[in-house]
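The lines below spell out each chain.
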Amino acid sequence: MKLQNQVAIITGAASGMGKAAAELFSQEGAHVVIVDLPASQGEQVAAAIRDNGGSAEFYGVDVTEPSQVQGMVESVYTKHGKIDIMYNNAGIPMAFTPIEEVDDAYYDRLMAVNVKGVFAGSRAVVPLMKKAGRGVILTTASTAGPRPRPGLNIYSASKGAVIALTKALALELAPYGIRVNCLNPVATDTPMLKGFIGNQDLEQGRQRFLDTIPLGRLAQPMDIAQAALFLCTDAAAMITGVDLEVDGGRSV
Ligand SMILES: NC(=O)c1ccc[n+]([C@@H]2O[C@H](COP(=O)([O-])OP(=O)(O)OC[C@H]3O[C@@H](n4cnc5c(N)ncnc54)[C@H](O)[C@@H]3O)[C@@H](O)[C@H]2O)c1
């Protein structure tokens, strides 16, 4: 098993790619800490992993509240004595919207979840990983960071910030044996996809994404989880500061 006895915190793990990663990491021997909003399906995801013989627990946390993130990390550390992996994956989408119609409240919420959440999760684990002299931090950005689409303006900006933060932390934390990498998924078949399509026809919206993906299909949550697993294992021991496209060739 690739993550035997490791402790992995995954935010946004009640759904989509975070849930797939929780299931895969658990199959590889990790204890998974599922972090998501209190009203999410997080407890059900954790229970299903335990029912399948894995080890998982759920924390209802809003990642935009650093004190909640800090409390969760301290509690996990107290219980398990270490944190090997912090996967900052929680995020929210935006529907295609002309910039002049984007309202302040949505801007603030999107930046809070997609950027401040990554900052809060990373900051909380770094002292513990520095003490351990090792650790892996993984973030979820998007192809929308390096390859923005018209109308995904502030979403693209949030993911560009995640990529820059990932690279900055990779340099800052390399001397402490902590690797920091990022995934850039293309349109992925998760509940979030509808959030990008908004009021457009669902099938037309999916097709619009599909038309830009050379491999001819949307990503599946497990495509992203497999890439996450690779970056979190020692197979990637020499990889830090990377934003890895998992995009069926869209960025070529
Ligand atoms: N689905 C796509 O097409 C796509 C493409 C590129 C990148 N992404 C990114 O991938 C990541 C995972 O998205 P997904 O597609 O699995 O979506 P999803 O909606 O299935 O899962 C996202 C999870 O994040 C949680 N979340 C949202 N706000 C939160 C908060 N404040 N605190 C804690 N949890 C919160 C949600 O409750 C949800 O369970 C996101 O960062 C997203 O921006 C998605």
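Asker: How would you sum up the packing of helix 1 (residues 16-27) against helix 8 (residues 221-232)? Please name residues and give values.
Answerer: Viewed as axis vectors pointing N to C, helix 1 and helix 8 meet at an angle of 55°, and their least axial separation amounts to 8 Å. Classified by the interaxial angle, the pair formed by helix 1 and helix 8 is oblique. As for the relative orientation of helix 1 and helix 8, their crossing is right-handed in sense. The segment helix 1 lies against helix 8, with Gly 16, Met 17, Ala 20, Ala 21, Leu 24 and Phe 25 engaging Pro 221, Met 222, Ile 224, Ala 225, Gln 226, Ala 228, Leu 229 and Cys 232.

Asker: Which residues make up helix 1, and what values go with them?
Answerer: Between its terminal C-alpha atoms helix 1 stretches 17 Å, which fits the 16 Å expected from 12 residues at 1.5 Å a residue. Of all the 12 residues making up helix 1, nine are buried; the element is thus mostly covered by neighbouring parts of the structure. When helix 1 is considered as a whole, its buried residues turn out to be Gly 16, Met 17, Gly 18, Ala 20, Ala 21, Ala 22, Leu 24, Phe 25 and Ser 26. Residue Gly 29 follows helix 1 closely and has a positive phi angle near 95°.

Asker: How would you summarise the site of the ligand if you had to cite specific residues and measurements?
Answerer: Lining the immediate surroundings of the ligand are 31 residues, of which Ser 15, Asp 36, Tyr 155, Thr 188 and Thr 190 lie closest. Take Val 63: an N or O atom from its main chain is 3.0 Å from a nitrogen atom of the ligand. Thr 190 places a side-chain nitrogen or oxygen 2.5 Å from an oxygen atom of the ligand. Here the ligand loses 93% of its free accessible area of 830 Å² to cover by the protein chains. Secondary structure elements with two or more residues in the shell around the ligand: helix 1, helix 4 (104-132), helix 5 (153-173) and helix 6 (193-197). The class makeup of the residues in the shell around the ligand is 17 nonpolar, 10 polar and four charged.

Asker: Mind laying out the side chain of Thr 11, listing which residues take part and the relevant values?
Answerer: With respect to the element layout, Thr 11 can be found in strand 1 (residues 7-11). Judged by its relative accessible area of 5%, Thr 11 is buried. Here the side chain of Thr 11 touches Asn 89 through a polar contact of 2.8 Å, landing on its backbone nitrogen. A distance of 2.9 Å separates the side chain of Thr 11 from the backbone nitrogen of Ala 90, its partner in a polar contact. Contacts of Thr 11, omitting those with residues within four sequence positions, involve Val 35, Val 63, Met 86, Tyr 87, Asn 88, Asn 89 and Ala 90.

Asker: Go over the pattern of salt bridges with me, naming the residues and quoting the values.
Answerer: Summed over all chains, the structure comprises nine salt bridges. Across the salt bridge formed by Arg 50 and Glu 43, the nearest N and O atoms sit 3.0 Å from each other. Among the residues examined, Glu 43 registers a relative accessible area of 36% and is labelled partly exposed. Taking the shortest distance from any N to any O, the salt bridge between Lys 167 and Asp 243 comes out at 3.3 Å. Pair noted here: Lys 167 is in helix 5 and Asp 243 is in strand 7 (residues 243-246), with a separation of 76 residues, a long-range link. Linked through salt bridges whose partners overlap, the residues forming this network are Lys 82, Asp 84 and Arg 134.

Asker: Go over the sheet that holds strand 4 (residues 85-88) with me, naming the residues and quoting the values.
Answerer: The sheet built from seven strands is open, its strands ordered 3-2-1-4-5-6-7 with parallel pairing. Among the strands making up the open sheet, the edge pair consists of strand 3 (55-60) and strand 7. Direction aside, the axes of adjacent strands within the sheet are offset by 20° on average. Of the pairings in the sheet, the one linking strand 5 (residues 135-140) to strand 6 (residues 178-185) comprises six bridges and is parallel in character. Bridged to Thr 140 within strand 6 is Leu 183.

Asker: Mind laying out the nonpolar core, listing which residues take part and the relevant values?
Answerer: Counting 48 residues, the largest nonpolar core has Ile 10, Phe 25, Val 32, Ile 34, Ile 85, Tyr 87 and Leu 183 as its most contacted members. Of all hydrophobic cores here, the second largest spans 27 residues; its members include Val 76, Val 113, Ala 124 and Leu 173.

Parameters at a glance
- Residues numbered from 1 in each chain as written.
- Predicted model: local features only at pLDDT ≥ 70, side-chain atom pairs only at ≥ 80, totals over all residues.
- Heavy atoms only, no water.
- Axes fitted to C-alpha atoms, helices over the stretch in contact; angles between N-to-C directions.
- Helix = DSSP H or I, 4+ residues; strand = E, 2+ residues; numbered from the N terminus.
- Parallel < 35°, antiparallel > 145°, perpendicular 65-115°, else oblique.
- Left-handed = near helix turned anticlockwise from the far one by under 90°.
- Contact = heavy atoms within 4.5 Å.
- Expected span 1.5 Å × (residues − 1).
- Buried < 20%, exposed > 50% of the residue type's maximum accessible area, 1.4 Å probe, protein only.
- Near = heavy atom within 4 Å.
- Polar contact = N/O pair within 3.5 Å; in protein donor to acceptor, adjacent residues only side chain to side chain.
- Areas by Shrake-Rupley, 256 points an atom, 1.4 Å probe, with all protein chains shown as cover.
- Nonpolar A, V, L, I, M, F, W, Y, C, P; charged D, E, K, R; others polar.
- Salt bridge = Lys/Arg side-chain N within 4 Å of Asp/Glu carboxyl O.
- Pairing = 2+ DSSP bridges.
- Core = buried A, V, L, I, M, F, W, Y, C linked by side-chain atoms within 4.5 Å.

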